[in-house]
Amino acid sequence: MGENVDEENQLMFEDNFPQSMQIDPRRARFPYCIVWTPLPVISWLIPFIGHIGICREDGVILDFAGPNFVCVDNFAFGSVRRYVQINKAKDCCLSPPESVFDDQGQYQQNGIGSDTLTWDGALRKSTQEFQHRSYNFLTCNCHSFVANNLNRLGFHAGGWNVVNIAALIFLKGHWVSKASMVRSYLPFVIVSGLGLTFWGFTYLTVLALIIFFLGGWFLLGTYCFKDLIQL
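What you see is a predicted model; the values in this text were computed from it and never measured. (Residues numbered from 1 in each chain as written. Predicted model: local features only at pLDDT ≥ 70, side-chain atom pairs only at ≥ 80, totals over all residues. Heavy atoms only, no water.)

## Side note on the pairing of strand 4 (residues 69-72)
Convention followed: Pairing between strands requires that DSSP locate at least two bridges from one strand to the other. Think of it this way: any DSSP run of H or I at least four residues long counts as a helix, any run of E at least two long counts as a strand, and we number them from the N terminus.
Bridge analysis of strand 3 (residues 61-66) against strand 4 gives four bridges, and the strand direction is antiparallel. Opposite Asp63, over in strand 4, you have Cys71 as the bridge partner. Hairpin connection from strand 3 to strand 4: two residues lie between these consecutive antiparallel strands, with Asn68 at a positive phi of about 55°.

Put into structure tokens, the structure is as follows:
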């Protein structure tokens with residue numbers, strides 16, 4: 001059983017890709033990025049909540065999408081709408097890694113001894129860990145996975161959690177395109193318009209309660225009861 005898991009992890013990081021560090025939304029390639037997309041229904045009510053993932057050096061997206069399951073190059077819930085690209089050399093506490101591309105420009109796995117010293121090595125460790133975790137929207141979700149990765153990378157000295165990662169994406173995230181921004185907020189505008197038209201103040205009250213309880217849960221679970229939300 002353990003050997004099968006190790007073989008799957010090895011294959012996951014050995015696909016061949018051209019040497020390109022440029023963001024390419026058409027191919028869903030976002031090197032050194034945190035990426036975001038809306039969640040069905042939830043983002044229609046609260047547009048700053050969404051699904052996030054983190055990308056390898058070659059731009060392939062990894063995201064924690066279910067119990068014991070990390071998606072590879074198949075971003076759950078749709079295409080990337082927003083992203084934050086990280087300057088690995090400036091913002092992360094990693095020693096200079098060997099190139100992850102061979103002389104022909106093809107992607108290759110780093111040596112075992114350098115795993116924890118490279119960007120992909122840190123992502124590999126987190127992926128292996130979350131492949132043995134149960135998914136729960138309230139206690140262990142996609143934000144937990146990305147926070148785990150950023151802390152391994154030493155991004156801005158660590159200390160990342162589900163709350164400050166959500167704030168980072170909301171405040172610093174770049175839209176892939178204007179159309180992506182429209183598609184992200186249009187359902188919220190439509191649902192809010194219908195809610196106000198048919199239910200008026202009742203809709204606003206229910207929406208405020210949902211935001212209060214969800215926001216309170218994650219704030220308390222992150223800063224007051226630190227074992228409540230896993231990282």
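From this point, the narrative continues.
## Some words on the sheet that holds strand 6 (residues 174-175)
This is how the line gets drawn: What makes two residues a contact is simply this: any of their non-hydrogen atoms within 4.5 Å. The axes used here are C-alpha line fits, helices contributing only the stretch in contact, and every angle between their N-to-C directions lies in the interval 0 to 180 degrees.
Reading across from one edge, 4-3-2-1-5-6 is the order of the six strands in this open sheet, with antiparallel pairing throughout. Two strands bound the open sheet, and with one partner strand each, they are strand 4 and strand 6. Sheet topology places strand 5 (residues 82-85) next to strand 6; two bridges connect them, and they run antiparallel. Each residue of the ladder has a partner; that of Arg82, found in strand 6, is Trp175. Where helix 5 (residues 142-153) meets the sheet, it contacts strand 1 (33-38), strand 2 (50-55), strand 3 and strand 4, and its direction lies at approximately 30° from that of strand 2.

## Observations regarding empty space enclosed by the protein
We count it as follows: Put simply, the grid is 1 Å and covers the protein atoms alone, a cavity is a trapped set of points that fit a 1.4 Å probe, a pocket is an open set with protein on both sides within 12 Å along at least five of seven lines, and lining residues have an atom within 4 Å of a point. Grid points are joined across faces, edges and corners, and a volume is the space filled by probe spheres set on the points. Classification convention: Asp, Glu, Lys, Arg as charged; Ala, Val, Leu, Ile, Met, Phe, Trp, Tyr, Cys, Pro as nonpolar; all other residues, Gly among them, as polar.
Taken as a whole and judged by the stated rule, the model has two cavities of 30 Å³ or more. Every residue lining the second largest cavity is listed: Trp36, Pro47, Phe48, Arg82, Ile169, Phe170 and Tyr185. In the lining of the second largest cavity, the residues fall into six nonpolar, no polar and one charged.

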